[in-house]
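Coordinate inspection notes
Single-letter residue listing:
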Amino acid sequence: EETPDLLEESLLAMNAELDTIEEKPAYEKLAMVIIQRRQQGIYTTDDDENNCNGVDIDNCSDHNRNNYFWTGNDKSDLAEFGLRFLRCELFDAQKAAVRFIKYLEMIDTIYGPKVLYRYPLPIPHLTDFTKDELAVLKMGYYQLLPFRDRSGRRVQISISNNKTSDGMPEKTRYKIFSYLWITCSNELETQRRGLVNVAFIQPPDVVVAVESAATAAVNDDDYETNNQQTQQSFHKSRSAIHAAVGN
């Protein structure tokens, strides 16, 4: 059960764990941005996003860099954001801190400083996708279903075939997955229950088997024989690779 004391103590413990991690470049960069904002006592607008929210990172002070994200459960956007990672790791502060560091590194790598320094939270928006990337997203190979499973988890469908495995840029796939997952995490129920991903994978040999069987069928007997062989190869392949993976 999430009590006020648990949330308060967990955030403070996560702060302490964050301080012990040495390699955290994205975290350090975001830290300097947040510190300077607080020192200036201002909040920047969306118009400043293209120049890192108006913050001169190179000249930013290192003062008070520890424990800058949250001072406990103060109901701020940053504190609520930290609770997402704690819930994901069942309030294990050490694991939550590592996950938070990795998240910021991922955001910096995939989306760049515009999203990393975004106010109030470093989360992507649809406006961060190019026209081509949006076109791929709208094709529906990766999508969230409008309902939950019996355990209350959000359900994502992933369809994998030649178009998604060979024709889709790797960065586009990462951006789509991360956007869907982060969007899900905006919901408190999903933070607590998680998400299940159901993958439908169609390997090339199945497609070839179907086409070959249709071409080879020259009479009813041959068609029936080839159809049975095709069905057998399809079902075996599907049963071997059809996966339901849950967090």
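To be clear, the structure that these remarks concern was listed above.
Before going into details, it helps to say that this report is about the structure given with it.

A separate point is the packing of helix α3 (residues 77-88) against helix α4 (residues 93-110). Taken N-terminus to C-terminus, the directions of α3 and α4 make an angle of 120°; their axes are 8 Å apart at the nearest point. Taken together, the axes of α3 and α4 lie oblique to each other. The way α3 lies across α4 gives a crossing that is right-handed. Across from Phe 81, Phe 85, Leu 86 and Cys 88 in α3, the residues of α4 making contact are Ala 93, Ala 96, Arg 99, Phe 100 and Tyr 103. Looking at the contact of α3 with α4, its residues break down into 8 nonpolar, no polar and 1 charged.

What follows deals with the pairing of strand β1 (residues 142-148). In this structure, β1 lies alongside strand β2 (residues 154-160), joined through 4 bridges in antiparallel fashion. Across the sheet, Tyr 142 pairs through a bridge with Ser 158, a residue of β2. Hairpin geometry of β1 and β2 is characterised by an intervening segment of 5 residues between the two adjacent antiparallel strands and by a positive phi of about 85° at Gly 152.

Here Asp 128 shows up in the loop between α5 (113-116) and α6 (131-138). For Asp 128, a relative accessible area of 12% corresponds to the buried category. Here the side chain of Asp 128 touches His 125 through a polar contact of 2.7 Å, landing on its backbone nitrogen. Filtering out sequence-adjacent residues up to four positions away, Asp 128 remains in contact with Tyr 111, Lys 114, Val 115, Arg 118, Glu 133 and Lys 175.

Tallying each qualifying case throughout the model produces 13 aromatic pairs. Between Phe 81 and Phe 100, the aromatic rings sit 6.2 Å apart at their centres with planes inclined by 75°, giving edge-to-face as the arrangement. Of the two residues, Phe 81 sits in helix α3 while Phe 100 sits in helix α4, which places them 19 residues apart along the sequence. Here Phe 81 and Phe 100 have matching classes, each one buried. Both rings, one in Phe 81 and one in Tyr 103, keep their centres 5.6 Å apart while their planes meet at 65°; by these two values the pair is edge-to-face. Note that Phe 81 is positioned in helix α3 and Tyr 103 in helix α4, a separation of 22 residues in sequence. Counting every residue linked through ring pairs, the aromatic cluster contains Tyr 27, Phe 69, Trp 70, Phe 81, Phe 85, Phe 100 and Tyr 103. Over the ring of Phe 129 we find Lys 175, and its NZ or CZ is 5.1 Å from the ring centre.

Both faces of the sheet carry side chains from a regular strand, because those side chains alternate between them. Counting buried residues along β2, 5 of its 7 residues qualify, which places the element largely inside the surrounding structure. As paired elements, β2 and strand β3 (residues 195-201) share 7 bridges and run parallel to each other. By the bridge assignment, Arg 154 is partnered in β3 with Leu 195.

Next up on the list: the nonpolar core. Membership of the largest hydrophobic core comes to 44 residues, with the highest contact counts inside it found for Met 14, Leu 18, Phe 69, Trp 70, Phe 100, Tyr 103 and Leu 104. Sequence-distant contacts of Tyr 103, that is, excluding residues within four places in its chain, are made with Phe 81, Phe 85, Pro 122, Ile 123, Pro 124 and Ile 182. Residues Leu 145, Ile 157, Val 196 and Val 198 belong to the second largest nonpolar core, which totals 5 residues.

Turning our eyes to something else, we now look at the pattern of salt bridges. Across all of its chains, the model carries 10 salt bridges by this definition. Taking the shortest distance from any N to any O, the salt bridge between Glu 89 and Arg 99 comes out at 2.7 Å. With Glu 89 in the loop between α3 and α4 and Arg 99 in helix α4, this pair connects stretches of sequence that are 10 residues apart. With a shortest N-O distance of 2.9 Å, Glu 187 and Arg 148 are connected by a salt bridge. One end of the pair, Glu 187, is in the loop between α8 (170-184) and α9 (188-193); the other, Arg 148, is in strand β1, and 39 residues separate them in sequence.

Okay, the packing of helix α1 (residues 4-20) against α3 next. Relative orientation of the contacting elements α1 and α3 amounts to 85°, with a least axis distance of 10 Å. On the basis of the axis angle, α1 is roughly perpendicular to α3. Between α1, through Leu 7, Ser 10, Leu 11 and Met 14, and α3, the contact on the second element is made entirely by Ala 79, Gly 82, Leu 83, Phe 85 and Leu 86. Along the lines of polarity and charge, the residues of the contact of α1 with α3 split into 7 nonpolar, 2 polar and no charged.

About the thresholds
Residues numbered from 1 in each chain as written. Predicted model: local features only at pLDDT ≥ 70, side-chain atom pairs only at ≥ 80, totals over all residues. Heavy atoms only, no water. Axes fitted to C-alpha atoms, helices over the stretch in contact; angles between N-to-C directions. Helix = DSSP H or I, 4+ residues; strand = E, 2+ residues; numbered from the N terminus. Parallel < 35°, antiparallel > 145°, perpendicular 65-115°, else oblique. Left-handed = near helix turned anticlockwise from the far one by under 90°. Contact = heavy atoms within 4.5 Å. Nonpolar A, V, L, I, M, F, W, Y, C, P; charged D, E, K, R; others polar. Pairing = 2+ DSSP bridges. Buried < 20%, exposed > 50% of the residue type's maximum accessible area, 1.4 Å probe, protein only. Polar contact = N/O pair within 3.5 Å; in protein donor to acceptor, adjacent residues only side chain to side chain. Phe/Tyr/Trp six-rings, centres within 6.5 Å; stacked < 30°, edge-to-face > 60°. Lys NZ or Arg CZ within 6 Å of the ring centre and 35° of its normal. Core = buried A, V, L, I, M, F, W, Y, C linked by side-chain atoms within 4.5 Å. Salt bridge = Lys/Arg side-chain N within 4 Å of Asp/Glu carboxyl O.

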